[in-house]
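Report on the structure
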Amino acid sequence: MLELKPMRNQIVIALLLVFFCQTSAFSLWIWTPKTGKWMNPKQAVKSNPDQQLDFVKSLYDIRNYAEAKQEIKKLIKAYPKSAAAAEAQYYMGLVEEAQENYYEAFKTYQKVIVKYPFSERIQEIIERQYKIGEIFMSGQKRKAAGVTLPVENPSIEIFTQVVENSTYGVFAAKAQYKLGMVFKGLSRYFEAEEAFNKVITNYPESEWVEAAKFQLAACRAAVSRSSDYDQEATQEAKTKFEDFVAEHPEAVLSREAEKNIQQLGEKEAESGFNIARFYEKQKDSSSAKIYYQDVIDSYPQSPWAAKALNRIQMIERQKK
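With respect to the pattern of salt bridges
Under the criterion given, the structure shown has 12 salt bridges. In this structure, Glu124 and Arg128 form a salt bridge, with 3.5 Å as the shortest nitrogen-oxygen distance. Taken together, the residues span about one helical turn, with Glu124 and Arg128 both in helix H6 (residues 122–137) at a distance of four residues. The class for Glu124 is partly exposed, based on a relative accessible area of 28%. A salt bridge links Lys131 to Glu127; the shortest N-O distance between them is 3.3 Å.

Here it is as structure tokens:
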């Protein structure tokens, strides 16, 4: 019998531990006669959505962002269809933005537009989304709060969404233009051209149309400068720049357009000179002279014109 005492003691200790653990666990819960349920105070919300929202705002004001997020989630769960829920979702975006979780902020703001289209914050949210797009476009340091960002610049998704959200609103045309600039910066020229064309087509009265036309020509010029020389792209770019200057002679961009026209003209002259050299090397002097003369006639101010004249003179001397 004496040998059983240690075992009895162990059993008693184990039972006491179980009792205290259960007591500790139940101490987190409170019986509420009003609801007739056990409730964990940590999961409780205020008695109405407006009071809960005021609590959220007070936490946001003192920059207690971690607790503000928890209270926002509780409000939305408890009062999902209230106006306060829409405002709480907006404040969740503000919290993410304050913590520099910009992509998460963008996605959070979008939930307001999708779930709470009646919110009075819609226009403000679109503006905030647009500014977040500019942050990513500028390459500023960004965080994602554990969210996997798009492979390339997230501003592509953001500006596209702003255009969709805004339709023909204040930010639609410039978001469409900025989308084109992002594509251009990534050397995705054909997508950039599509974006700039939409500015011109969808927002013909917009202040961004003039710049979009210039950027269209710039994209064509960039394509012409690719490793595989594209003579057609060069001609198209030159024509677009010439049209731009004709339509906007006083525009600041017209000075840059004129420089591009000159550069593209020299590129065309170089191409014509190289074609002439090819025929000359093939002993086809007649064809070579035709192309050399075209360079002289079409691009008289280009340094290639002087070179072409020199080659014609050499061909003439060789015939004598």
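There's more to say after this.
What to know about the packing of aromatic side chains
Under the definition given, this model contains 11 aromatic pairs. Between the aromatic rings of Tyr177 and Trp208, the centroid separation amounts to 5.0 Å while the plane-to-plane angle is 35°, which identifies the pairing as tilted. Of the two residues, Tyr177 is situated in helix H8 (residues 172–185) and Trp208 in the loop between helix H9 (189–202) and helix H10 (209–224); the sequence distance between them amounts to 31 residues. Residue Tyr177 is classed as buried on the basis of its relative accessible area, which comes to 9%.

A look at the packing of H9 against H10
Orientation of H9 relative to H10, taken along the N-to-C sense of each, is 160°, at an axis distance of 9 Å. On the basis of their axis angle, the class for H9 and H10 is roughly antiparallel. In this structure, H9 meets H10 at a crossing whose hand is left-handed. Here Tyr189, Phe190, Ala192, Glu193, Phe196, Asn197, Val199 and Ile200 of H9 lie close against H10, whose contacting residues are Val209, Ala212, Lys213, Gln215, Leu216, Cys219, Arg220, Ala222 and Val223. Split by residue class, the contact of H9 with H10 holds 12 nonpolar, two polar and three charged.

Structural notes on the confidence of the model for the protein
Residues at a pLDDT of 70 or more form 77% of the protein, whose mean pLDDT is 81. Here residues 23–32 is a poorly scored stretch, pLDDT under 50, and it has 17 contacts once near neighbours within four places are set aside; other chains count.

As for unusual backbone geometry
A negative phi holds for most residues other than glycine; trans holds for most peptide bonds. With a phi close to 65°, Arg63 is a non-glycine residue in the positive phi region. You can see Arg63 is positioned in the loop between helix H2 (49–61) and helix H3 (65–78). Here Arg63 falls in the exposed class, since its relative accessible area comes to 65%. For Lys283, which is not glycine, the phi dihedral falls at a positive 65°.

Quick word on the nonpolar core
In terms of nonpolar packing, the biggest core is built from 51 residues, with Ile72, Leu75, Tyr90, Tyr109, Ile132, Val162 and Phe196 touching the most fellow members. Examining the composition of this core, we find that eight residues originate from one element, helix H4 (residues 83–98), more than from any other. Counting 12 residues, the second largest nonpolar core, distinct from the first, contains Phe273, Ala288, Tyr299 and Ala308.

Some details on the side chain of Gln52
Here Gln52 is to be found in helix H2. Each residue touching Gln52, except ones within four places of it in the same chain, is listed here: Val45, Lys46, Glu71, Lys74 and Leu75.

Description of the packing of H6 against H8
Contact geometry for H6 and H8: axes closest at 11 Å, N-to-C directions at 15°. Our classification of the angle between H6 and H8 gives roughly parallel. The handedness of the crossing between H6 and H8 comes out as left-handed. Residues Tyr130, Glu134 and Met137 of H6 form the contact with H8, whose own contacting residues are Lys174, Ala175, Lys178, Met181 and Val182.

So, how was this worked out
- Residues numbered from 1 in each chain as written.
- Predicted model: local features only at pLDDT ≥ 70, side-chain atom pairs only at ≥ 80, totals over all residues.
- Heavy atoms only, no water.
- Salt bridge = Lys/Arg side-chain N within 4 Å of Asp/Glu carboxyl O.
- Helix = DSSP H or I, 4+ residues; strand = E, 2+ residues; numbered from the N terminus.
- Buried < 20%, exposed > 50% of the residue type's maximum accessible area, 1.4 Å probe, protein only.
- Phe/Tyr/Trp six-rings, centres within 6.5 Å; stacked < 30°, edge-to-face > 60°.
- Axes fitted to C-alpha atoms, helices over the stretch in contact; angles between N-to-C directions.
- Parallel < 35°, antiparallel > 145°, perpendicular 65-115°, else oblique.
- Left-handed = near helix turned anticlockwise from the far one by under 90°.
- Contact = heavy atoms within 4.5 Å.
- Nonpolar A, V, L, I, M, F, W, Y, C, P; charged D, E, K, R; others polar.
- pLDDT = per-residue confidence, 0-100.
- Core = buried A, V, L, I, M, F, W, Y, C linked by side-chain atoms within 4.5 Å.

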